[in-house]
Amino acid sequence: MFKYILKRIGYMIITLFLVLTVNFLLLQLIPGSPFDGEKVTEAQKIILEQKYGLDDPIPVQYIRYMKGVVQGDFGVSFKLQNQEVSDLVLTRIPYTIKPGALALLIGVVVGILFGAIAAMKRNSWADHTITIISVLGVSIPSFVLAAFLQYFICSKLGWLPLLYQPKDTVRGISAMDEFKSLILPSISLAVPVIASLMRYMRSELIEVLNTDYILLARAKGLTRTQVIFHHALRNALIPVITVVGPMVVSIMTGSLVIEQFFGVPGLSKLMLNSVTMNDQFLTLGIAFFYAVLYVVVILVIDLLYGVIDPRIRLTGGAK
Amino acid sequence: MISKKFDPSLFELEPTHHGQGDEIKTESLTFWQDAWRRLRKNKAALISMYAILLLVICSFLAPLVGPKHENGERVKYNQTPILIDTETGKQIEKSRLSYLPPRVKGLEKLGIFDGTSTKKMTTFELFVGSSLPDEVSALNTPLKKAEFVKALGVKYHPNDYEIISWSGKGEDMKITIQLRGSSSTEDVPASELMSKYSDYANLDSFELDQTETDNQGIQMLKVKVNAYVQKGVEHLYFYFGTDELGFDVWTRLWTGVQVSLLIGFLSLIIDFTLGILYGSIAGFYGGTVIDNVMMRITEILGSIPTTVILIIFSSVKKPFIQGIENLFNIHLSNVAGAFIILIVAMSLTGWISVARVVRAQYLKLKDQEFVMAATTLGASSPRIIFKHLFPNIIGQLVVMATFSIPSAIATEAMLSFIGLGLPIPMSSLGVLLSDGTSKMLSYVYLMMVPAFFMVYLMLAINLFANGLRDALDPRLRGE
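Fair warning: this is a prediction, and the values are worked out from it, not measured in the lab. Residue indices follow the written sequence of each chain, beginning from 1 at its first position. Throughout, the order in which chains and ligands are written sets their labels, letters from A for the former and numbers from 1 for the latter. Given that the model is predicted, a residue must reach a pLDDT of at least 70 before its local features are reported, and side-chain atom pairs must reach 80 or more before they are shown or counted; all residues, however, enter totals for whole chains, interfaces and linings. Processing note: side-chain calculations cover all non-hydrogen atoms of the structure and skip hydrogens and water entirely.

> Give a description of the overall build of chain A that names residues and reports values.
Going along the chain from the N terminus, every DSSP run of H or I of four or more residues is numbered as a helix, and every run of E of two or more is numbered as a strand. Scanning chain A for helices and strands turns up 12 helices and 0 strands. In chain A, the order of α-helices and β-strands from amino to carboxyl end is α-α-α-α-α-α-α-α-α-α-α-α. Principal-axis analysis of the C-alpha atoms places the extent of chain A at approximately 85 × 55 × 35 Å. The buried label applies to any residue whose accessible area, calculated with a 1.4 Å probe on protein chains only, is under 20% of its type's maximum; exposed applies above 50%, and partly exposed to all values in between. Split into buried and exposed, the 319 residues of chain A put 47% on the buried side. We call two residues in contact whenever any of their non-hydrogen atoms come within 4.5 Å of each other. Relative to all contacts within chain A whose residues are 6 or more apart in sequence, the contacts with residues 24 or more apart total 71%. Counting every atom, chain A has about 16,300 Å² of accessible surface; 67% of that belongs to carbon and sulfur. Note that His is not counted, nor are the chain ends; the positive residues are Lys and Arg, and the negative ones are Asp and Glu. The atoms used to mark charge sites are NZ of Lys, CZ of Arg, CG of Asp and CD of Glu. Here chain A holds 27 positive side-chain charges and 20 negative ones, and the gap between their average locations is 12 Å. Computed with a 1.4 Å probe, the accessible areas rest on the Shrake-Rupley method; for each residue, only the protein chains presented here act as cover.

> Give me the lowdown on the packing of helix α16 (residues 429-438) of chain B against helix α17 (residues 445-472) of chain B, citing residues and values where you can.
All names here are of chain B. Interaxial distance between α16 and α17 falls to 8 Å at its minimum, and their mutual angle equals 140°. α16 and α17 meet at a crossing whose hand is left-handed. Contact with α16, carried on its side by Leu-429, Leu-432, Leu-433, Gly-436 and Thr-437, involves Leu-446, Met-447, Pro-450, Ala-451, Phe-453, Met-454 and Leu-457 of α17 and no other residues of that element. Axis geometry follows a simple rule: fit a line to the C-alpha atoms, using only the stretch in contact for helices, then measure angles between N-to-C directions, giving values from 0 to 180 degrees. The crossing is said to be left-handed when, going from far helix to near helix, the turn is anticlockwise and less than a right angle, and right-handed when the turn is clockwise.

> Explain the interface of chain A and chain B to me, and be specific about the residues and the numbers.
Counting residues at the interface gives 46 residues for chain A and 39 residues for chain B. Computed with a 1.4 Å rolling probe, the buried area is the accessible surface lost when two parts are put together, summed over both parts. Summing the contributions of chain A and of chain B, the shared interface buries around 3,800 Å²; its carbon and sulfur component is 82%. When residues of chain A are sorted by the area they lose upon contact with chain B, Leu-26, Phe-143 and Tyr-151 of chain A head the list and together hold 14% of the total. Counted as salt bridges are all cases of a side-chain nitrogen of Lys or Arg within 4 Å of a carboxyl oxygen of Asp or Glu. Where chain A packs against chain B, one counts 0 salt bridges. Of all the secondary structure elements, the ones that give two or more residues to the side of chain A that touches chain B are α1 (2-28), α5 (125-139), α6 (142-156), α7 (175-209), α10 (244-262), α11 (267-276) and α12 (280-308) of chain A.

> Give me the lowdown on the packing of α1 of chain A against helix α11 (residues 306-315) of chain B, citing residues and values where you can.
It is at 9 Å that the axes of α1 of chain A and α11 of chain B come closest, and there the two elements cross at 15°. Looking at the two axes, α1 of chain A sits roughly parallel to α11 of chain B. In this structure, the crossing between α1 of chain A and α11 of chain B has a hand that is left-handed. Side by side, α1 of chain A and α11 of chain B meet where Val-22, Asn-23, Leu-26 and Leu-27 of chain A of the first sit next to Ile-309, Ile-312 and Phe-313 of chain B of the second. In what follows, roughly perpendicular refers to angles from 65 to 115 degrees, roughly parallel to angles under 35, roughly antiparallel to angles over 145, and oblique to any angle outside these ranges.

> How would you summarise the nonpolar core if you had to cite specific residues and measurements?
Residue and element names in this part refer to chain B. We call a set of buried Ala, Val, Leu, Ile, Met, Phe, Trp, Tyr and Cys residues a nonpolar core when their side-chain atoms join them within 4.5 Å. Judged by nonpolar contacts, the single largest core of 174 residues is most densely connected at Leu-253 and Leu-422. Residue contacts for Leu-422: discarding those within four places in its chain leaves Val-259, Ile-263, Ala-338, Phe-339, Leu-342, Glu-412, Ser-416, Ser-428 and Val-431. With 20 residues, the next largest nonpolar core counts Leu-126, Met-194, Leu-203 and Phe-206 among its residues.

> Describe the sheet that holds strand β3 (residues 174-179) of chain B, with residues and values.
Residue and element names in this part refer to chain B. When DSSP finds at least two bridges between two strands, those strands are taken to pair. As summarised here, the arrangement of the 3 strands in space is β2-β3-β4, forming an open sheet in which the pairing is antiparallel. At either end of the open sheet lies a strand with only one pairing partner, and these are β2 (161-167) and β4 (185-189). For this sheet, the mean inter-axis angle between neighbouring strands, taken without regard to orientation, is 30°. Where β2 meets β3, 6 bridges bridge the pair, whose relative direction is antiparallel. Within β3, the position partnered with Tyr-161 by the bridge is Leu-179.

> Please provide a residue-by-residue account of the sheet that holds strand β6 (residues 219-226) of chain B, values included.
Residues and elements named next belong to chain B. As summarised here, the arrangement of the 3 strands in space is β1-β6-β5, forming an open sheet in which the pairing is antiparallel. Sheet topology places β1 (116-122) and β5 (206-213) at the edges, where each strand pairs with a single neighbour. Within this sheet the neighbouring strands show an average axis-to-axis angle of 25°, counted without direction. Where β1 lies against β6, 7 bridges are found, and the strand directions are antiparallel. When the sheet's bridge partners are listed, Thr-118 is paired in β6 with Lys-224.

> Account for unusual backbone geometry, naming residues and giving values.
Unusually for a residue other than glycine, Asn-123 of chain A sits at a positive phi of about 65°. Although it is not a glycine, Tyr-99 of chain B sits at a positive phi angle of roughly 55°. Note on placement: Tyr-99 of chain B falls in the loop between α3 (94-97) and β1. Owing to a relative accessible area of 18%, Tyr-99 of chain B belongs among the buried residues under this scheme.

> Give a detailed account of the pattern of salt bridges, specifying residues and quantitative values.
Residue and element names in this part refer to chain B. For the coordinates displayed, the defined rule picks out 8 salt bridges over all chains. The shortest N-O distance in the salt bridge between Arg-37 and Asp-34 comes to 2.8 Å. Of this pair, Arg-37 and Asp-34 both sit in helix α1 (residues 31-41), 3 residues apart, which is roughly one turn of that helix. The closest approach of N and O atoms between Arg-38 and Asp-34, which form a salt bridge, is 3.1 Å. With Arg-38 and Asp-34 both in helix α1 and 4 residues apart, this pair spans about one turn of that helix. Side by side, Arg-38 and Asp-34 carry an identical accessibility label, which is buried. What emerges from the salt-bridge pattern is a single network uniting Asp-34, Arg-37 and Arg-38.

This is the structure:
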């Protein structure tokens, strides 16, 4: 187990190194300097490039940047008043986490609940409705859904605010208002999660309900409710929990568009801005952060598989 | 014991067929015939298949009935119609062709697709508007109110009264108003309240629908505007309306469907060519160092957050396009370049899952009895690969390929959405959607039309792929 974890961490480091290198080289390919087109003279441009070390040859820049990263220094933003990249990223993280966590919560609870209902009332109207919803949820891209929700719920009905409003006591925005404005981004992110979890939960529970031990439990006189809650649900949940990991990843990717849509000042908004402004270190820093989050999530899930279901052996080899 | 005598003449001896007892009566079916039989039983998949075919056929035929230029040529997806105004004999300006809502002959009588849209505005916006000449708008101050009203040629300043009710249409429209500070009402013909500078100076172009007072005490009017009448282009019909630049959404939509499907297919071809090659090689060397290294590479590449790389890659367009131009010694247009970059960007990591499946299948099948049997019977390696192994993988690959099309379309749409997709005069479902959603609050049809077709396409392909999976691999049939 320990060896396995070490090996995985080794791969993680290689992956992160690769991501950083590829991104660094890609960004070097952007023609011109980040200071083109601004109101700076040639002389000022040279001074600026010297200041950030952009006039050095690329290998020198690369080694300097990598050295910095190893020491936890991700450089400064060119365009945002020389702020530290790590500070910029840290201040934005809560705004990405809030809708993401809410979406995960909604997705897991609703997905498992509806999936279980569909399995228990198999071939009823509820089951068919849930199946249709899950196909729709998988098919509709989250930003199309976001557009529909925004148009009908915010613009037509006026139930919820159009854009995200961070809590701000000066402007009279309470935590409740913030929560309200988080509902739609979270739902948009949660629907794909709900859809696929429902499908998983349904087929797993149906499988479990057909096993002999459920029949035995029923034969011994336990009620249907007791059997479902004590025996069936628990066992059906094991494989379902293992797919929550990919869901986290899909929420992270989904947030790239959804944040843009609802004006959430999160990481992806910062990233898109930095890409369009050619703010190299900032782009690199955020991409690196995403990569770290991504590989860590994947690792944690793989390790959890073993914890949740002891039948899965992690020592590897056999596949 | 009660016995019953049967008349032997009631019975006839069935002739015996020796040696035919275990003959198979039904026609033997090939793999694909069997799959097709199973697919036909799946109603949803079958309907989806016809729906996809219908959409593809429409995308080629429907533009034929789209708008035409004055000279009879069809309007292309990146052209504003060039039309002559019969009254003035001059070309109709672009501004008069932009933002026209959907309008279809016949359907307009039913109250849908009739070129009208409901807008919310203040009395001032309706009767005075915002496009005043400088010398008139200079008078718009409290001190010069009387002069302002005179210059506008209206009876009262729009801020001085509230609309109570109305009757009649067009030139006969009468509006009952209540002056501020007075309790009596007054009937005024709408033409006396309308200034000549207003966008709605043509009284036929709008109908009052409702009034409401907002939380600041300002009266808001809901006005049903017919943009075709308002802009004097009543003889035109744009089935899905027009956008900001006067492009016809109908034409753009069908081009967009074609482009989106093309993107889906091209990225599918690249992903599967690369994936099958890579997977076959790894599978062929299964268990050796080469296989191990190749799989570690896919593992590392697979754990790279695709979207982040995609965004960075798409933002670095220029040098790549130049590289391709130098390599093949060709000149690429802006659109072609963006198109190639988009496809390449989406294929960066798309092939990995294909390679994994091909390798795993390869390894699984290689050691099975039927392969051994074929080898024993003297079949050559190519024969084993193409006759025995490939048919076993092809079903799963076809299913994966079908599922990959909607995800490629969605990725393209997402990239367009964050401004890294195809450049604007180009059309694709993603481009249309991102344009539409940015204007959705004022011109909802710009969002609804591409969104509807996007959902239609994604749903149809996904349902079809589900059916295909059940048909091609009955073992995988989900409960």
